[in-house]
Amino acid sequence: MKNKNILLITAFSLFACTLHGLILHTPFNDYIYTSAAKVILFMLCPLLYFKFSKEGTLRDLFRIKVDKKSIIKTLLLGIITFSFVFVVFAVIRSWLDSSMIINAMSNVGIDRNNYIFAVMYYILVNVALEELFFRGFVFLVLYKMNYKRFAFVYSSVLFAVYHIAVMKDGVTPSLLVLSVIGLIGVGLLFNEITRRYESAFGSFMIHVSASLAISLIGFNFLY
């Protein structure tokens, strides 16, 4: 049964990430369409997995197991993460091509007119989807099946590779490689936090902090 379930979760997660990546390279590569597709894929695939595997429910992904002390620690980590993103940005600022970044946002339908809406979706919906999918679904389910090493490595690599289709038009090749390596490291960190809390709440809070910082940097480029 476990072998069957690991194949199911791997197949469904790969399908969701691959199909979303392909949509980014079609005429439907508009922020509204790609966002809608992401919501559908990142919720439907876990739902199908739970239906076929008969192990757990989609509701399990929304359970929060934290206490007051853990929340305070998470908030502090969020503040540190927010600050760290700006420090990294200051270091690599000279490597970034502002026209490439603006064009990359334009290619997916993001401009000055809808940037605020896009940021609200990115922080409030997109982050929640990614954490529920990559940490709550892929990582925790595999980890609880006792595929601990595979859970850490697979979910982190999938998280990083998934972002290649999103980032590749906005950064140079060398920076893309560094970004993928960095995202794998971030994925491993998020997995460890998820393991400790037994939910995606901790990684969600840190992810929100990083996304807010990135959004403010994007605002700087666009305006």
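Bear in mind the structure is a predicted one, so any value in this text is a computation, not a measurement.

Draft legend 1. View of the overall build of the protein chain. The helix and strand inventory of the protein chain stands at nine helices and zero strands. Along the protein chain, helices and strands appear, N-terminal first, in the series α-α-α-α-α-α-α-α-α. The C-alpha atoms of the protein chain give 17 Å as radius of gyration, which agrees with the globular expectation for 223 residues (17 Å, within 12%). Viewed in the frame of its principal axes, the protein chain has a C-alpha envelope of about 50 × 45 × 30 Å. The buried share of the protein chain, reckoned over its 223 residues, is 46%. Pairs at least 24 apart in sequence give 80% of the contacts found in the protein chain among residues at least 6 apart. In the structure as shown, the protein chain presents an accessible area of about 12100 Å², 71% of it carried by carbon and sulfur atoms. Counting 20 positive and 11 negative side-chain charges, the protein chain places the centres of these two groups 9 Å from one another.

Draft legend 2. Focus on the nonpolar core. By size, the foremost hydrophobic cluster in this structure holds 53 residues, and its most contacted members are Phe42, Tyr49, Phe133, Phe134 and Phe137. Among the elements of the structure, helix 1 (2–23), helix 2 (31–53), helix 3 (68–92), helix 4 (98–107), helix 5 (115–144), helix 6 (148–162), helix 8 (173–197) and helix 9 (201–222) are those that each provide at least two residues to this core. It is helix 5 that contributes the most residues to this core, 16 residues altogether. With residues up to four places along the chain from it excluded, the contact list for phenylalanine 42 reads Ala16, Cys17, Leu129, Glu130, Phe133, Phe134 and Tyr162.

Draft legend 3. Structural detail: helix 6. If you check helix 6, its first and last C-alpha atoms are 21 Å apart, about what 15 residues at 1.5 Å a residue would give, namely 21 Å. Along helix 6, the residues that are buried comprise Ala151, Phe152, Tyr154, Ser155, Ser156, Leu158, Phe159, Ala160 and Tyr162.

Draft legend 4. The arrangement of the packing of helix 6 against helix 8 in detail. It is at 8 Å that the axes of helix 6 and helix 8 come closest, and there the two elements cross at 135 degrees. By the angle between their axes, helix 6 is oblique relative to helix 8. Every pair of crossing elements has a handedness; the one defined by helix 6 and helix 8 is right-handed. The residues of helix 8 that touch helix 6, namely those facing Ala151, Phe152, Ser155, Ser156, Val157, Phe159 and Ala160, are Val180, Leu183, Ile184, Val186, Gly187, Leu188, Asn191, Glu192 and Arg195.

Draft legend 5. Region of interest: helix 5. Residue tyrosine 122 marks the point of greatest curvature in helix 5, where the axis turns by about 40 degrees. Backbone geometry just downstream of helix 5 places asparagine 146 in the positive-phi region, at approximately 75 degrees.

Draft legend 6. Seen up close, a nonpolar patch on the surface. On the surface, Val39, Ile116, Met120, Leu124, Val125, Phe219 and Tyr223 cluster together to form a nonpolar patch covering roughly 630 Å² of accessible area. Residue position: valine 125 is located in helix 5.

Draft legend 7. Representation of the pattern of salt bridges within the structure. Under the counting rule described, the total for this entry stands at four salt bridges. The closest approach of N and O atoms between lysine 38 and glutamate 130, which form a salt bridge, is 2.7 Å. Placement of the pair is lysine 38 in helix 2 and glutamate 130 in helix 5, with a sequence separation of 92 residues. The class of lysine 38 is buried, set by a relative accessible area of 4%. Residue class for glutamate 130 comes out buried when judged on its relative accessible area of 3%. Taking the shortest distance from any N to any O, the salt bridge between glutamate 131 and arginine 135 comes out at 2.6 Å. Note that glutamate 131 and arginine 135 are positioned in helix 5 at a spacing of four residues, about one turn of the helix. Residue arginine 135 is classed as buried on the basis of its relative accessible area of 0%. A cluster of three or more residues bridged by salt bridges with shared partners is formed by Glu192, Arg195 and Arg196.

Cut-offs applied
Residues numbered from 1 in each chain as written. Predicted model: local features only at pLDDT ≥ 70, side-chain atom pairs only at ≥ 80, totals over all residues. Heavy atoms only, no water. Helix = DSSP H or I, 4+ residues; strand = E, 2+ residues; numbered from the N terminus. Rg over C-alpha atoms; globule rule 2.2 N^0.38 Å. Buried < 20%, exposed > 50% of the residue type's maximum accessible area, 1.4 Å probe, protein only. Contact = heavy atoms within 4.5 Å. Areas by Shrake-Rupley, 256 points an atom, 1.4 Å probe, with all protein chains shown as cover. Lys, Arg positive; Asp, Glu negative; His and termini not counted. Charge placed at Lys NZ, Arg CZ, Asp CG, Glu CD. Core = buried A, V, L, I, M, F, W, Y, C linked by side-chain atoms within 4.5 Å. Expected span 1.5 Å × (residues − 1). Axes fitted to C-alpha atoms, helices over the stretch in contact; angles between N-to-C directions. Parallel < 35°, antiparallel > 145°, perpendicular 65-115°, else oblique. Left-handed = near helix turned anticlockwise from the far one by under 90°. Bend = angle between axes of the 7 residues up to and from the residue. Patch = residues over 30% accessible without salt bridge, like charges linked within 9 Å, V, L, I, M, F, W, Y side chains within 5 Å. Salt bridge = Lys/Arg side-chain N within 4 Å of Asp/Glu carboxyl O.

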